Amino acid sequence: MTHFVTNELRARLIEGVHTAGREVLAIYAQDFAVETKDDASPLTEADMVSHHALVALLERWAPGVPVLSEESGEIPFETRQGWERYWLIDPLDGTKEFINKNGEFTLNVALVEQGVPVFGIVHAPVLHTTWVGLVGGEAFKVKRGIYSQVRVRELPDPDVEPWKVVGSRRHGAETFEAFCAALPHHERVSMGSSIKLCLVAEGAADLYPRLAPTSEWDTAAAQAVVTAAGGEVLDANTLEPLRCNRQDSVLNPWFIACGQRDERWERALRASLPGS
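A brief look at the structure comes next. Remember, predicted model here, so these are calculated numbers, not experimental data.

**Here's the deal with the overall build of the protein**
- Scanning the protein from N- to C-terminus turns up eight helices and 14 strands.
- The C-alpha radius of gyration of the protein comes to 18 Å, within 12% of the 19 Å expected for a compact globule of 276 residues.
- By principal-axis analysis of the C-alpha atoms, the protein measures approximately 50 × 45 × 40 Å.
- Relative to its full complement of 276 residues, the protein shows a buried share of 57%.
- Considering only intrachain contacts with a sequence separation of at least 6, the fraction spanning at least 24 residues in the protein is 62%.
- Summing over all exposed atoms, the protein offers an accessible surface of approximately 12,300 Å²; the carbon and sulfur share of this is 48%.
- Averaging the positions of the 26 positive and the 39 negative side-chain charges in the protein gives two centres separated by 5 Å.

If you want it as C-alpha cells, here you go:
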C-alpha cells in the first residue's frame, strides 16, 4: 500500500525505537516521579524521554512528514486535516503498567496515510519483543534478536479448541463480561497496552474487544501490525476498519481486533453494546 517505507527506513526506525526503549528501561530501573496530566492520566520522565527520542528519530530519517505524539501538545484539526501522510506516536503506551513495573508497556510508532495506519512498530522493551507490520507487505516479530513472521490464526472450532480472548487489565470490565458471556467456549488472557493487539496479530489470541475509551495513538501502530498479519481492527458499532484523523477528537470508538470475522462473535458483540 505504501512505497514510502523502504527496507532501509524500516531498519533505521526499528533501530531507533530500540534505542529509545533502552533509555526508557534506564528510567524504569530507577525510582521515578509521576505527574498527573490535565486529563488525570499519569506522566513520567520516561514518557517525555521517549517522546523526544522518537520525534528526533522521525525528523532525521523522514524529514518533512508531520509528527503527532501524545505528548506533543494539541495540534488543531484545521492543521491536521490537511495531512495526507503523518507519523502518529505514543511514546509510552501503558504508563500505568510502567508505574506498576509489570513490564507490559510499549513504544508505538505508526505511519498514517489518508487516515489509514499503513505501517507500525510496537516495541515492548522489558519483553525484548518488537512487532512490525507494513500493510500490503509483511508482519513480523523480533524477540531477543530472533526474527519470525507473524500471522493471525484461523478461528478454531470452539468445541475442539477454545477461542482466546484478550482483555484489558483495567478498562471496560462490565461490557467485556457481557461480551464474553455470549461467546462460545473460550479462554481469557489479561494484558496491558497495545501488546493485546499484537497477540491477535501473531495468532496468540483470536479476539480483543476494547469496549472502553482509547486514543488513536494507542492503537494505530498495532492496527497496522494486525492488518499486515491478515486481521482487522473494527469499529464495534459499524464493523468498519478504524480510521485516524477524521475529526477534531483523537478518541477512538469502541473497537474489536479479530483474526477472522465470524457471526458468533459479531452477535455477541452486538448484544453487549449499550442500548442493544
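After that view of the structure, there is still more to cover.
**Some details on unusual backbone geometry**
- Although it is not a glycine, Lys 101 adopts a positive phi angle of roughly 55°.
- Mapped onto the elements, Lys 101 comes out in the loop between α4 (95-100) and β5 (106-113).
- The backbone of Asn 245 shows a phi angle near 60°, a positive value even though the residue is not glycine.
- Structurally, Asn 245 can be placed in the loop between β13 (232-235) and β14 (255-258).

**Some points on the nonpolar core**
- Core analysis: the biggest nonpolar cluster contains 37 residues, and Leu 68, Tyr 86, Leu 88, Trp 131, Leu 197, Tyr 208 and Val 233 have the highest contact counts within it.
- Mapped onto this core, the elements with two or more residues apiece are β4 (85-93), β5, β6 (116-124), α6 (195-201), α7 (216-228) and β14.
- In terms of residue count, α7 provides more of this core than any other element does, seven residues in total.
- Excluding its chain neighbours within four sequence positions, the residues that come into contact with Tyr 86 are Val 65, Pro 66, Leu 68, Ala 110, Leu 111, Val 112, Glu 216, Cys 244 and Asn 245.

**Re the side chain of Asp 93**
- Relative to the helices and strands, Asp 93 is located in strand β4.
- Comment: no salt bridge for buried Asp 93; closest opposite-charge side chain is Lys 196, at 6.5 Å.
- Within polar-contact distance, the side chain of Asp 93 engages the side chain of Asn 108 at 3.5 Å.

**So, the packing of helix α1 (residues 7-28) against helix α2 (residues 45-61)**
- Put simply, α1 and α2 touch, their axes get as near as 9 Å, and they point 160° apart. In this view, α1 runs roughly antiparallel relative to α2, as classed from their interaxial angle. In this structure, α1 meets α2 at a crossing whose hand is right-handed. Between α1 and α2, the contacting residues are Leu 9, Arg 12, Leu 13, Gly 16, Val 17, Ala 20, Glu 23, Val 24 and Ile 27 on the first element and Glu 45, Ala 46, Val 49, Ser 50, Ala 53, Leu 54, Leu 57, Leu 58 and Trp 61 on the second.
- In terms of residue class, the contact of α1 with α2 is made up of 13 nonpolar, two polar and three charged.

What counts and how
Residues numbered from 1 in each chain as written. Predicted model: local features only at pLDDT ≥ 70, side-chain atom pairs only at ≥ 80, totals over all residues. Heavy atoms only, no water. Helix = DSSP H or I, 4+ residues; strand = E, 2+ residues; numbered from the N terminus. Rg over C-alpha atoms; globule rule 2.2 N^0.38 Å. Buried < 20%, exposed > 50% of the residue type's maximum accessible area, 1.4 Å probe, protein only. Contact = heavy atoms within 4.5 Å. Areas by Shrake-Rupley, 256 points an atom, 1.4 Å probe, with all protein chains shown as cover. Lys, Arg positive; Asp, Glu negative; His and termini not counted. Charge placed at Lys NZ, Arg CZ, Asp CG, Glu CD. Core = buried A, V, L, I, M, F, W, Y, C linked by side-chain atoms within 4.5 Å. Salt bridge = Lys/Arg side-chain N within 4 Å of Asp/Glu carboxyl O. Polar contact = N/O pair within 3.5 Å; in protein donor to acceptor, adjacent residues only side chain to side chain. Axes fitted to C-alpha atoms, helices over the stretch in contact; angles between N-to-C directions. Parallel < 35°, antiparallel > 145°, perpendicular 65-115°, else oblique. Left-handed = near helix turned anticlockwise from the far one by under 90°. Nonpolar A, V, L, I, M, F, W, Y, C, P; charged D, E, K, R; others polar.

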